[in-house]
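Given next are the chains, with one letter for each unit.
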Amino acid sequence: MAAACCWALVGCTGGERAPDSCTQVQTSALFGADQAWPEGIDAKQAGAIGSVELDGGEVVCSASLVAAGYAITARHCNRPGRLWFRPSGTSTAGRSLVRGTVPHASLDLMLLELELSNELHPPVIEMGAIGAGRVGEEVLLAGLGEVEGGERGSLLFVREPIVALTEDHLVVDGKGRTGACGGDSGGPLLDLNAGELRLLGVLSYGEASCVGKDYYVHVGAFGKWLRSTLSAAHTGGCLTASHEGTCDARGARWCDGNTEKAQVCKAPMGCGYDVDALGFRCVAPEDDSCAGVGQHARCDGSRIVRCDEGMLRAMQCSDCGLTCVVDPGGQARCG
């Protein structure tokens with residue numbers, strides 16, 4: 001019998017649970033879409049829906065603008081390194097850097113804080129309402145993922161009926177003909193009423209066939225959280241930064257009291273864990289207690305390693321007869 005996988009201290013290192021995975025979500029997109037612009041939707045409204053991208057422009061998920069400078073997507077869409085939000089119909093020059101994220105504590109949801117350019121003034125999608133009486137009605141699935149031909153980045157829509165409403169999820173069914181997949185993860189489920197789009201849900205997962213049932217976190221489960229989070233953002237303070245802070249491609253970012261601070265790390269300094277500051281700051285390599293490993297898990301041979309509160313924590317995948325692998329999204333896991 002193989003030993004149970006667990007995180008363990010190695011030298012001055014400790015451990016934590018492995019990163020979450022979303023095994024039911026595929027890496028394709030809306031299937032069966034036959035039109036890019038359903039009647040009643042204009043390009044301005046559709047600009048509130050966009051793609052979540054890596055530096056090189058690879059589309060990893062979809063998202064919707066819900067307030068000026070804020071978009072909502074699925075929590076499993078998070079990736080190490082920099083992310084960007086590109087409104088549909090815009091070029092690379094029109095995309096916005098994701099400067100921070102606010103994950104929901106229990107649902108597959110994440111709010112993206114955007115660094116909007118001066119030229120970009122996109123519309124937003126307001127939340128709608130959903131109840132058991134809507135089961136059986138058709139709604140709109142939207143996303144910018146990979147189409148059957150392999151391309152990504154084009155906004156497409158599909159109409160499908162609501163077949164169930166649970167405590168957390170709103171379920172639609174393509175009945176073997178249409179559906180959403182991984183490139184559309186985080187994308188919106190929409191109600192088109194009187195020419196205006198309304199957000200009913202955010203895509204969390206679906207069937208492997210991509211033409212079956214898709215599960216959206218519905219507004220009844222996250223509306224209060226979204227409103228309170230956006231309200232906190234509008235009243236100032238640190239929304240997406242903690243005292244511990246984070247590292248990005250430019251340096252360190254953290255919260256000092258109610259003020260967000262940022263520091264560009266210039267060589268030979270780099271962003272690492274500063275034990276005196278109890279967080280990620282610009283430090284000399286020899287003073288980084290996690291030896292260059294950040295918050296995001298990565299592979300070190302057959303181990304997964306990650307910095308956690310100044311300690312380098314590790315999980316030995318070989319204890320389970322596995323090895324450390326990196327998935328297409330850059331996340332390390334035992335596989």
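The structure this text deals with has already been given above.
Figured I'd write up the structure that's included with this text. Owing to the predicted nature of the structure, the values given are computational and were not obtained by experimental measurement. (Residues numbered from 1 in each chain as written. Predicted model: local features only at pLDDT ≥ 70, side-chain atom pairs only at ≥ 80, totals over all residues. Heavy atoms only, no water.)

### Side note on unusual backbone geometry
Basically, it comes down to this: Helix and strand labels come from DSSP, where a helix needs a run of H or I of at least four residues and a strand needs a run of E of at least two; each type is numbered from the N terminus.
With omega at 10°, the peptide bond leading from Ala267 into Pro268 counts as cis. Mapped onto the elements of the fold, Pro268 is located in the loop between strand S17 (259-264) and strand S18 (270-274). Unusually for a residue other than glycine, Lys175 sits at a positive phi of about 50°. The residue Lys175 is located in the loop between strand S11 (169-173) and strand S12 (188-193) in this model.

### Remarks on the state of the cysteines
What counts here: When two cysteine sulfur atoms lie within 2.5 Å, the pair is treated as a disulfide. Only protein chains enter the accessibility calculation, which uses a 1.4 Å probe. A residue is then buried if its area is under 20% of the maximum for its type, exposed if over 50%, and partly exposed in between.
Overall, the coordinates contain 6 disulfides when judged by the stated rule. The disulfide bridge from Cys61 ends at Cys77, spanning 2.0 Å between sulfur atoms. Between Cys61 and Cys77, the S-S torsion sits near -85°, and that sign places the bridge as left-handed. Of this pair, Cys61 sits in strand S3 (residues 59-67) while Cys77 sits in the loop between strand S4 (70-73) and strand S5 (84-87); the two residues are 16 residues apart in sequence, bridging distant segments of the chain. Like Cys77, Cys61 is buried. For Cys265, the disulfide goes to Cys282, at an S-S distance of 2.0 Å. One disulfide, between Cys265 and Cys282, carries an S-S torsion of -90° and so falls in the left-handed class. Here Cys265, found in the loop between S17 and S18, pairs with Cys282, found in strand S19 (residues 279-283); they are 17 residues apart in sequence, far enough to count as distant. The pair Cys265 / Cys282 is uniform in exposure class, with both members buried.

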